[in-house]
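Here is what each chain is made of, one letter per residue.
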Amino acid sequence: HPAVRGMAYGEVLRDSHACLGLVSHSNEDEWTMRSFEVPGCASLFLAENTPMHREFYAADEEAVFFESSSGCVDRALEVTRNPARTERIAWAGRKKIEDRGWFIENRMEEALPILGIKAL
């Protein structure tokens with residue numbers, strides 16, 4: 001799939017059965033913006049098992065985690081074989097995003113006053 005930007009990005013996430021959540025090991029990342037974007041679009045978040053991902057989401061309830069390349073393949077095959085379960089997990093991830101207010105708009109509403117910028 002070619003690169004997408006703007007609203008098309010969310011559409012691609014929503015239209016995907018599952019989306020990978022990879023992190024940069026050289027930067028010692030434990031999460032990325034995709035950690036919120038994928039569940040926020042109600043797509044299944046198939047992510048590397050990191051301490052932060054485990055803190056954000058309940059394994060196999062709000063996201064699906066893997067430990068290795070072969071584990072990623074195994075988990076991807078598992079979720080493609082059970083679309084109803086995949087959809088339940090994806091919507092539970094979306095609910096977590098809503099319940100916690102983890103949308104970028106929510107975060108900006110909190111950040112702007114800290115930066116001395118009046119919200120619109």
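Preceding this paragraph is the structure being described.
Let me sum up the structure you'll find in this document. Worth saying up front: this structure is predicted, and the values here are computed from it rather than measured. Note on numbering: residues in each chain are counted from 1, in written sequence order. Where local features are concerned, this predicted model is filtered to residues with pLDDT of at least 70; where side-chain atom pairs are given and counted, the filter is 80 or more; whole-chain, interface and lining totals use all residues. Excluding hydrogens and water, the side-chain values take into account all heavy atoms of the structure.

1. Some words on the nonpolar core
One finds F36, F45, Y57 and W102 to be the most contacted residues of the largest nonpolar core, which totals 13 residues. Any two residues whose heavy atoms approach within 4.5 Å at even a single point are treated as in contact. Aside from chain neighbours lying at most four places away, what touches F45 is C19, G21, R34, S35, V38, P39, H53, Y57, A63 and V64. To qualify as a nonpolar core, a set must consist of buried Ala, Val, Leu, Ile, Met, Phe, Trp, Tyr and Cys residues joined through side-chain atoms within 4.5 Å. Between buried and exposed lies partly exposed: a residue is buried under 20% and exposed over 50% of the maximum accessible area for its type, with that area taken using a 1.4 Å probe on protein chains only.

2. Describing the sheet that holds strand 3 (residues 64–66)
Spatially, three strands are ordered 1-2-3 in an open sheet, and the strand pairing comes out parallel. Each of the sheet's edge strands pairs with one partner strand only, and the pair in question is strand 1 (18–21) and strand 3. Adjacent strand axes in the sheet meet at a mean angle of 25° when their direction is disregarded. As judged from the three bridges shared by strand 2 (residues 44–48) and strand 3, these two strands associate in the parallel manner. Its bridge partner being in strand 3, E48 is matched across the sheet by F66. The pairing criterion for strands is at least two bridges between them, as found by DSSP. Helix and strand assignments follow DSSP, with helices taken as H or I runs no shorter than four residues and strands as E runs no shorter than two, numbered in order from the N terminus. The axes are straight lines fitted to the C-alpha atoms, using for helices just the contacting stretch, and the angles between their N-to-C directions are given from 0 to 180°.

3. Here's the deal with helix 5 (residues 83–100)
A helix is expected to span 1.5 Å multiplied by its residue count minus one. With 18 residues, helix 5 should cover 26 Å at 1.5 Å per step; its first-to-last C-alpha distance of 26 Å lies within 8% of that length. Taken together, the buried positions of helix 5 are occupied by R85, T86, I89, A90, G93, K96 and I97. Projection of helix 5 onto a plane perpendicular to its axis shows the buried side chains occupying an angular sector of 135°, all on one side. The exposed set on the far side of helix 5, more than 90 degrees from its buried face, consists of R88 and D99. Close packing links the buried residues of helix 5 with helix 2 (34–40), strand 2, helix 3 (51–56), strand 3 and helix 4 (69–80). Positive phi appears at G101, one or two residues downstream of helix 5, with a value of about 65°. This arc corresponds to the set of directions leading from the helix axis out to the C-beta atoms.

4. Looking at unusual backbone geometry
Residue E28 is not a glycine yet carries a positive backbone phi of 60°. Within the chain, D60 stands out as a residue other than glycine whose phi angle is a positive 65°. Here D60 lies in the loop between helix 3 and strand 3. Look at D60 and you get partly exposed, because its relative accessible area is 33%.

5. Regarding the packing of aromatic side chains
Stacked, tilted and edge-to-face pairs are distinguished by plane angle, under 30 degrees for stacked and over 60 for edge-to-face with tilted covering the rest, among Phe, Tyr and Trp rings (Trp via its six-membered ring) whose centres lie within 6.5 Å. Scanning all chains against the criterion turns up five aromatic pairs. Relative to F56, the ring of F36 lies with its centre 5.0 Å away and its plane at 55°, an arrangement referred to as tilted. With a gap of 20 residues between them, F36 in helix 2 and F56 in helix 3 connect regions that are remote in the sequence. With respect to burial, F36 and F56 carry one shared label: buried. Their ring planes at 65° and their centres at 5.9 Å tell us that F45 and Y57 sit as a pair that is edge-to-face. One end of the pair, F45, is in strand 2; the other, Y57, is in the loop between helix 3 and strand 3, and twelve residues separate them in sequence. Given a relative accessible area of 2%, Y57 falls into the buried group. Three or more aromatic residues joined by ring pairs make a cluster, and in this case those are W31, F36, F45, F56 and Y57.

As far as function goes, none of this settles anything; it's purely spatial.
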